[in-house]
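# Summary of structural features
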Amino acid sequence: MNIDHIPKIKHTTSNNFFLLAGPCAIEGEEMALQIAEKIVAITNKLEIPYVFKGSFKKANRSRIDSFTGIGDEKALKILQKVSNEFDVPTVTDIHEVSDAEMAAAYVDVLQIPAFLVRQTDLVVAAAETGKVVNLKKGQFMSPESMKHAVTKVTDCNNQQVMITDRGTMFGYQDMIVDFRGIPTMKAYAPVVLDVTHSLQQPNQSVGVTGGRPEMISTIARAGIATGVDGLFIETHFDPANAKSDGANMLDLDKLEKLLTDLVAIRKTINHL
């Protein structure tokens, strides 16, 4: 697969990385449109192919009282509106087999969460929709083991698959990115680096995941230098009050500077 298979993706001659970015969860229509408008303006300016990201529901929460969504169909219709209004593709995660067909009616890319990437029925259901499938590498999995997850998709006659690395567990409450895995997984499919989730600090005693957003630039720069095909960044105009994963999200006001720096690094890499 290459990004040509993603509907509505903007093609450029810049040989840039592509970007999956947006809020962790769809909290409402106004916030989704506000975030999308700003990112579209930045990515158009920098010639970065862009996919809007937003979860229509959050099923893997630490606590039962954590925010899970505004309603499945309501959130999916907002994703569809973002796609139509800004002419960009969209990606959302699915958690159950029944989610695949439902979400596929509204979005362009179906994402398998890292905790669920070994769930064969879920991966197959996503693949059988014919949509692009984004497989997030399990925090507990080796890069080499992702070959089998990719094969589950391609064996369904769907070659539209990519892998997203979102870090590996380092002890109980930290994540680490093993950049050796990037070239390994690129042998199986295009590889995306999930910059923000790689900086999570999970399993906190309060039941809310922490994070280290001050390291976003460091991880993103290393990913570009290592040759990732794309980046995944969760961003919000008010991370402190985001309803999900605010502790590791990038403030939207900092996105343009970060992407400008990364484009410059990519150009340098391309000329080596």
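One can find the structure itself at the top, above this paragraph.
A brief report on the enclosed structure follows.

### With respect to unusual backbone geometry
Positive phi outside glycine occurs at Glu47, with the angle close to 60°. With respect to the secondary-structure elements, Glu47 resides in the loop between helix 1 (29-46) and strand 2 (50-53). Although it is not a glycine, Asn157 adopts a positive phi angle of roughly 60°. Tracing the sequence through the fold places Asn157 in the loop between helix 5 (146-154) and strand 6 (161-165).

### Topic: the pairing of strand 3 (residues 90-93)
What you see with strand 3 is no split at all: Thr90 and Thr92 on one side and Val91 and Asp93 on the other are buried throughout. Relative to strand 3, strand 2 runs parallel, the two sharing two bridges. Looking at strand 3, one finds that Lys53 is bridged to Val91. Here strand 3 pairs with strand 4 (residues 109-112) via three bridges, running parallel. Residue pairing across strands places Asp93 opposite Gln111, the latter belonging to strand 4. Note that the unit made of strand 3, helix 3 (residues 97-104) and strand 4 has a crossover that is right-handed.

### Quick look at the side chain of Lys53
Tracing the chain through its elements places Lys53 in strand 2. One polar contact links the side chain of Lys53 to the main-chain carbonyl oxygen of Cys24, over a distance of 2.6 Å. Sequence-distant contacts of Lys53, defined by excluding residues within four places in its chain, comprise Leu20, Ala21, Gly22, Pro23, Cys24, Val91, Phe232 and Glu234.

### Re the packing of aromatic side chains
Under the criterion given, the structure shown has zero aromatic pairs. Here Lys136 stacks its cationic end above the ring of Phe232, 4.1 Å away from the centre of that ring.

### Observations concerning the packing of helix 4 (residues 120-128) against helix 5
Orientation of helix 4 relative to helix 5, taken along the N-to-C sense of each, is 45°, at an axis distance of 8 Å. Classified by the angle between their axes, helix 4 and helix 5 sit oblique to one another. Seen from above, helix 4 lies across helix 5 with right-handed handedness. Packed against helix 4, whose contacting residues are Thr120, Val123, Val124 and Ala127, the element helix 5 presents Ala149, Lys152 and Val153 at the interface. By residue class, the composition of the contact of helix 4 with helix 5 is five nonpolar, one polar and one charged.

What counts and how
- Residues numbered from 1 in each chain as written.
- Predicted model: local features only at pLDDT ≥ 70, side-chain atom pairs only at ≥ 80, totals over all residues.
- Heavy atoms only, no water.
- Helix = DSSP H or I, 4+ residues; strand = E, 2+ residues; numbered from the N terminus.
- Buried < 20%, exposed > 50% of the residue type's maximum accessible area, 1.4 Å probe, protein only.
- Pairing = 2+ DSSP bridges.
- Right-handed = clockwise from strand over helix to strand, strands pointing away.
- Polar contact = N/O pair within 3.5 Å; in protein donor to acceptor, adjacent residues only side chain to side chain.
- Contact = heavy atoms within 4.5 Å.
- Phe/Tyr/Trp six-rings, centres within 6.5 Å; stacked < 30°, edge-to-face > 60°.
- Lys NZ or Arg CZ within 6 Å of the ring centre and 35° of its normal.
- Axes fitted to C-alpha atoms, helices over the stretch in contact; angles between N-to-C directions.
- Parallel < 35°, antiparallel > 145°, perpendicular 65-115°, else oblique.
- Left-handed = near helix turned anticlockwise from the far one by under 90°.
- Nonpolar A, V, L, I, M, F, W, Y, C, P; charged D, E, K, R; others polar.

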